[in-house]
Amino acid sequence: MYPPAAPGPCPLRHFGASYLRSNLSPLLVEALSRNTSRVFHDHKAATASAHRYEQHAGHDGSTIATMSSLRYGARCLRALPRSVTKKWPSPVCVTTSKSSPPARAFSTTAPRRQDGDSALMSALDSMQSGNDEAVVAYARPMPVSPSYFSRFPQFYDSFVQVQDLTRKYGRLPSLHRSQVERVAWKTKDQYRMDVNEHVKARDYAACIGLAKRLHQIHPDLMPEEVKQGLAPFKRDVSIFLNRPRVIPIDKFGRSHGVGRRKSSVARAWMVEGTGEVLINGKPLNEAFGRIHDRESALWGLKSMERLDKYNVWALVEGGGPTGQAEALAMAIAKALTVHEPPLKTPLRRAGCITRDPRAVERKKAGRVKARKRPAWVKR
């Protein structure tokens, strides 16, 4: 611990010789940081204080070196001008004139927040008045977002913005959910990938609920800032604006359809006729030996009672007979909807339009098949 500083021109006189030898650098720093106008204002005071240190320390070699260092520091301080301020001149700003050289000054007091604010205001006033003085501002950097130190800054900023918009515009006239334009909202996983933040499911569900509530505002009364606030939660491409591609009928009156099942792919061409069916150039009974596969292939025509109205010519490849038969049923159903579009809904209910995504589960290591375990042997 440092001994208490005594009043007078020499506050360091209570230090002993051993303390001076072991703590030379801290003493010099403290001597340089003291009020120079009060301690070393002239050469006589510096010399007198050095003589006091010599008498108290015992005039050994290390003490003489210490005193010489103190005298050198006193001479350096004596070279400074007399204009010394008592407070830190510029915790916020320092003004210098272009014509006069910059003045050097020492400070011994800690900066205060009130003084810093007043200095900042004075610097701003000088800038607005158009003075020729250069102003250098020193201020603590502040983050742009109040959520900068949180785990999810982007999400919390958007969440807070949606909450503020709900309080501000929540009472505007709104439409019923059935009358609102359909929008594809981002799922939790999609939003996590976009902002690269592991947002909690509960927080994202609450945010999306408020966003949907704002989306129900009448389009003629919806402010622009609401649209900008909802933009981060909307997908770039709306699946509800997609229109199905129209498959035309060629000049020969044929419609084309493609179906898939497992690893099988079937392409079918359909034309009005008497009910003839050719699969890879073979009749139906030769292409499929099982009756169940034959019924599966023509299930779309049989359920709509169109077996004797159209002729079918198909190409099937890949997979086994069951996969080929179900792929052919899908291809025939799609080709039938080209001739008769109103049959699309009944065919979908019959299960002919939707692709069956089921496939054989892969084999796992250490097991006989996908899930079958090897037989247990005692020895």
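The structure we're discussing is the one just above.
Let us look at the structure shown here. What you see is a predicted model; the values in this text were computed from it and never measured. (Residues numbered from 1 in each chain as written. Predicted model: local features only at pLDDT ≥ 70, side-chain atom pairs only at ≥ 80, totals over all residues. Heavy atoms only, no water.)

Topic: the overall build of the protein chain
In step 1: When you go through the protein chain residue by residue, the secondary structure sums to 15 helices and seven strands.
In step 2: Looking at the protein chain residue by residue over its 379 residues, the buried ones come to 32%.
In step 3: A fraction of 68% describes how many contacts in the protein chain between residues 6 or more apart in sequence connect residues 24 or more apart.
In step 4: When the accessible area of the protein chain is evaluated, it comes to approximately 25,700 Å², of which 55% is carbon and sulfur surface. (Helix = DSSP H or I, 4+ residues; strand = E, 2+ residues; numbered from the N terminus. Buried < 20%, exposed > 50% of the residue type's maximum accessible area, 1.4 Å probe, protein only. Contact = heavy atoms within 4.5 Å. Areas by Shrake-Rupley, 256 points an atom, 1.4 Å probe, with all protein chains shown as cover.)

Some remarks on the pairing of strand S4 (residues 264–272)
In step 1: Bridging between strand S3 (residues 255–261) and S4 involves seven bridges; their strand directions are antiparallel. Along S4, the bridge assignment pairs Arg-261 with Ser-264.
In step 2: Between S3 and S4, which follow one another and run antiparallel, lie two residues, and Lys-262 among them has a positive phi close to 55°.
In step 3: As defined by bridge partners, S4 adjoins strand S7 (residues 310–317) across eight bridges and the pair is classed as antiparallel. From the neighbouring strand, Val-271 faces S7, where its bridge partner is Asn-311. (Pairing = 2+ DSSP bridges.)

Examining the sheet that holds S7
In step 1: Pairing is mixed in the open sheet, where five strands are placed in the order S3-S4-S7-S5-S6. Each of the sheet's edge strands pairs with one partner strand only, and the pair in question is S3 and strand S6 (282–283).
In step 2: Sheet strands in contact with helix H14 (residues 321–339) are S3, S4, strand S5 (277–279) and S7, and its direction is about 150° off that of S3. (Axes fitted to C-alpha atoms, helices over the stretch in contact; angles between N-to-C directions.)

Here we look at the packing of helix H7 (residues 153–169) against helix H9 (residues 201–215)
In step 1: Direction vectors running N to C along H7 and H9 enclose 40°, while the axes themselves pass 10 Å from each other. The angle between H7 and H9 places the two elements in the oblique class. Classified by chirality, the crossing of H9 by H7 is left-handed. Residues Phe-155, Tyr-156, Phe-159, Val-162, Gln-163, Leu-165 and Thr-166 of H7 form the contact with H9, whose participating residues are Asp-203, Tyr-204, Ala-206, Cys-207, Leu-210, Ala-211 and Leu-214.
In step 2: Tallied by class, residues from the contact of H7 with H9 come to 11 nonpolar, two polar and one charged. (Parallel < 35°, antiparallel > 145°, perpendicular 65-115°, else oblique. Left-handed = near helix turned anticlockwise from the far one by under 90°. Nonpolar A, V, L, I, M, F, W, Y, C, P; charged D, E, K, R; others polar.)

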